[in-house]
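# A look at the structure
As a plain string of letters, each chain reads:
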Amino acid sequence: MTKQEQVKAIFIEEAGEIIEKLDIDIIRFEENSSDFSLLNEIFRGVHTIKGNANAFGFIRLGEFVHHFEDVLDYYRSTQESIEEHNLELFVGSVDVIKEVMNCELDAIPTLPQSYDGCLEKIKNLISVKKNKASSAQEPQESTAGLKDLALEFGLSCSEQQQNSIQRAIKDAQAKQSEGLSVYKVDLTLDTDCYKRGFDYLLFLNMLAQKALLLESFFNMEGIVEIDSFKSGENYIGKVSIVVLTPLSKSEADEFFEFLFDYEYEINLIEPPVLEVIKPSVETAKAVTQNIVSNSMSSKSTIRIDTFKLDELFDSVGELVIAQNFIAQNDKIRSIEDESINRTIETLSKITKRIQDRVMSLRMVAIKDTFDKMKRVVRDTSKKTLKEVNLIVQGEDTEIDKTMIDSLSDPLIHIIRNAIDHGLEADADERIKAGKSTEGSVTLKAFHKSGNIVISVSDDGRGINKERVLAKAIERGVISGDENLSDSQIFALIMQPGFSTAQSISDLSGRGVGLDVVKTSIEKLRGKIEIDSKEGEGTTLSMVLPLTLAIIDGMLVRTAGEIYIIPTLSVVESFRPEKEIVHVFKEKGEFVSLRGQYIPVMRLSDVFNLNAKRIEPWEGILVCVETEGGRIAILVDELVGRQQVVIKTLGKTLAMLKEISGGAILGNGDIALILNVDELRPLVEASHV
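Quick look at the structure, then. (Residues numbered from 1 in each chain as written. Predicted model: local features only at pLDDT ≥ 70, side-chain atom pairs only at ≥ 80, totals over all residues. Heavy atoms only, no water.)

## Observations regarding the sheet that holds strand β3 (residues 238-245)
Pairing between sheet strands relies on hydrogen bonds along the backbone, with the strands arranged either parallel or antiparallel. Note the threshold: Being paired, for any two strands, means DSSP has found at least two bridges between them. Put simply, DSSP H or I for four residues or longer makes a helix, DSSP E for two residues or longer makes a strand, and each gets a number counted from the N terminus. Axis lines are fitted through C-alpha atoms, for helices just across the contact stretch, and the angle between N-to-C directions can take any value from 0 to 180 degrees.
The four strands are arranged β2-β3-β1-β4 in an open sheet whose pairing can be described as antiparallel. With one partner strand each, in any of the chains shown, β2 (212-218) and β4 (264-268) form the two edges of the open sheet. Ignoring which end each strand starts from, the neighbouring axes of this sheet average 15 degrees apart.

## Looking at helix α11 (residues 306-328)
To be explicit about the condition: One fewer than the residue count of a helix, multiplied by 1.5 Å, yields its expected span. Burial classification: accessible surface area is computed with a 1.4 Å probe over protein chains only, and a residue below 20% of its type maximum counts as buried, one above 50% as exposed, and the rest as partly exposed. We call two residues contacting when some pair of their heavy atoms lies within 4.5 Å.
Its 23 residues give α11 an end-to-end C-alpha distance of 33 Å, which sits within 8% of 33 Å, the value for a rise of 1.5 Å per residue. Three or more residues of α11 are buried, namely Leu309, Phe313, Val316, Gly317, Val320, Ile321 and Gln323. Buried residues belonging to α11 abut α13 (338-361), β12 (550-558), β20 (637-645) and β21 (659-664).

## Some details on a nonpolar patch on the surface
For the record, the criterion: Each patch is assembled from residues with relative accessible area greater than 30% and no salt bridge, linking like charges that lie within 9 Å and nonpolar side chains (Val, Leu, Ile, Met, Phe, Trp, Tyr) that lie within 5 Å. Here, Shrake-Rupley sampling with a 1.4 Å probe gives the accessible areas, and only protein chains in the shown set may cover a residue. Put simply, a salt bridge is a Lys or Arg side-chain nitrogen that is within 4 Å of an Asp or Glu carboxyl oxygen.
On the surface, a cluster of nonpolar side chains totalling about 290 Å² of accessible area is made up of Val224, Ile226 and Phe229. Considering the arrangement of structural elements, one finds valine 224 in the loop between β2 and β3. Since its relative accessible area comes to 31%, valine 224 is described here as partly exposed.

## Focus on the packing of helix α14 (residues 367-384) against helix α15 (residues 401-422)
Quick note on the threshold: Should an angle fall under 35 degrees it is called roughly parallel, over 145 degrees roughly antiparallel, and 65 to 115 degrees roughly perpendicular, with every other angle called oblique. Take the far helix as the reference: if the near one is turned anticlockwise from it by less than a right angle, the crossing is left-handed, and if turned clockwise, right-handed.
It is at 10 Å that the axes of α14 and α15 come closest, and there the two elements cross at 30 degrees. Considered as vectors, α14 and α15 are oriented roughly parallel to each other. Considering how the two elements wind past one another, α14 and α15 form a crossing that is right-handed. Residue-level inspection shows Thr369, Phe370, Met373, Val376, Val377, Thr380 and Thr384 of α14 in contact with α15, the latter providing Ile404, Ser408, Leu411, Ile412, Ile415, Arg416, Ile419 and Asp420.

## Remarks on the packing of aromatic side chains
Rules: Working definition: a ring pair exists when centres of Phe, Tyr or Trp rings (six-membered ring for Trp) sit within 6.5 Å. Plane angles under 30 degrees give stacked, over 60 give edge-to-face, the rest tilted. Two limits define a charge over a ring: the Lys NZ or Arg CZ must be within 6 Å of the ring centre, and within 35 degrees of the ring normal.
Per the counting criterion, the structure on display carries five aromatic pairs. With a centroid separation of 5.2 Å and an interplanar angle of 15 degrees, the aromatic rings of tyrosine 563 and phenylalanine 607 are classed as stacked. Residue tyrosine 563 is found in strand β13 (residues 561-566), and its partner phenylalanine 607 is found in the loop between α20 (603-606) and β18 (620-626); the two are separated by 44 residues along the sequence. A residue is classified by how much of its surface remains accessible, and tyrosine 563, at 5% relative accessible area, is buried. One aromatic cluster is present, formed by Phe68, Tyr74, Tyr75 and Phe90 through successive ring pairs. Positioned over the ring face of phenylalanine 43 is arginine 76, at 3.7 Å from the centre of the ring.

## Notes on the pattern of salt bridges
Applying the stated criterion to the full structure yields 39 salt bridges. Put simply, arginine 378 and glutamate 30 hold a salt bridge, and the shortest N to O gap is 2.6 Å. Of this pair, arginine 378 sits in helix α14 while glutamate 30 is found in helix α1 (residues 3-31), placing the two residues 348 residues apart along the sequence. Residue aspartate 186 pairs with lysine 184 through a salt bridge whose shortest N-O separation is 2.7 Å. Among the ionic contacts, a cluster of salt bridges with common partners joins Asp23, Glu30, Glu88, Asp95, Lys98, Arg375, Arg378, Asp379 and Lys382.

## Brief notes about the environment of lysine 448
By the element assignment, lysine 448 lies in strand β8 (residues 439-448). Considered as a pair, lysine 448 and valine 543 are 95 residues apart in the sequence and their alpha carbons are 8.7 Å apart.

Spelled out as structure tokens, the structure:
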């Protein structure tokens, strides 16, 4: 990959991040259009995209953001209040930027349908605003006349420039101390520099982060008459600045690495020895602190490929396994030496600390994902003509970065479903139910029992259990004679194609598509829980592990083999009394637990283990929750609870649906991780 291709790849990645931030910031600004500091943030993002887009040949994107930038610049400069319909135009413009960016990346020749219309509205808006501004200033200009910028900022001769430089150097001598140098930087930029994405002000602003600007000079000789002026061309061909900085010349060069050699020149200016004034300690310290504070004002970060993080995480997993092997090795444990025991204990602490820190590298706050949902709520609210108030809680909760990207689509569907079919159809219906006219959707994230829970709650009409049951029986999902709990009834709406909605909109239907949501969450080794009260509202909770690389599991032993049951699925474990175990003719074994008959499944039968058959009351039953209901897994004994690093089993064993992976235990043995949802059908087949 050439350097140009590398830079382009960086731009594409950064542009994606900027556009995501624009999507969030524009909704925040719509909520508070008087926050002009936020408008400045939006302007800076659009400005960055404009320069880089033109530099890499994304002309269509560059043209659109160029005009959009003009509109933003007008409002941020004048701080004029923004009309509501223009705010809507701003939001639509960000949508167009996203769509055009995708067209540019995929080299799609056609533009989005909204491109031309939105661009025309932007051009008309800035034209109206500028005409209005020029009309208001006309009388004043007629009497005072326009000022000549060349007279204000230009230099009549090189001698005058040299005199100014000498004065700047003399002033700098009083501020100089060890480690600070004076440089003269000369920029020579072509008329097409803007089209290539290079603006001298950008370079000067970057340099100013680590340098103190002493003097600046702009060559105004190339400025043309106003009638011939073109906004896309540069007429200030030469710019010179004098700076005081602790940077070396090579470090200063890095700020201009994207320019050609002839476009910039940096010269170190040595002050005359006889004229050097002894520096004031306080002044030198103040200048140094100012420069350091500028350079440290932004948080220092480094961009790392997630693949490298995954490799590091895998290596730490191997380290944990090796450490457990040492700590649990019988031969080492038999050595009664205090120093060895202390060393092993220290190794264990260090390994745990490394594991925690490496895990934290992959953890990111869910705030950005929640911020994106504000846009979903806004658009759905307008489309359904319902007033909706979004309440966000726990947005600082951290979750594995690899899971964040997979959460957006399920969250979008659940939120749309809650607004479109969860909330009442109109305000009158809510008033009759004793509620406010404005519906409420609460998006919440929190930790629970070692897992992350992300819930979406609405204060709508709730789920009608009887209607769900009737629909399930009608579709043949259940026979009708099952004794189902409320949670099991609510879970029926996640069956493929299931819906209780009388009319399905283009947004969602209550139940439509929830099977896809359920599948997406299960791929993340999570599960969905539904709680609803008719007339009060519904809560859909996604229960997820902290990370996909490590699982918290209960270790059980059967026929001498160790298996791992994810604790996320475990309800309880117990040794049953003989009286509560029943065998129904041709139905198999069941255990009666608090009025509910739960089928018993023997792991020895599932995996054809050569084991002595024991009675259920002679072993341990582990009750687990599956999508089809609860089952009780019969095992010989409970070994303990442990966090294990998940390992894939290869293509051959991956075909076994009952197994979701494997793990290496501290003694070096391999334990299989059970997929409890796939065990339920096996139980039903054996109990027919």
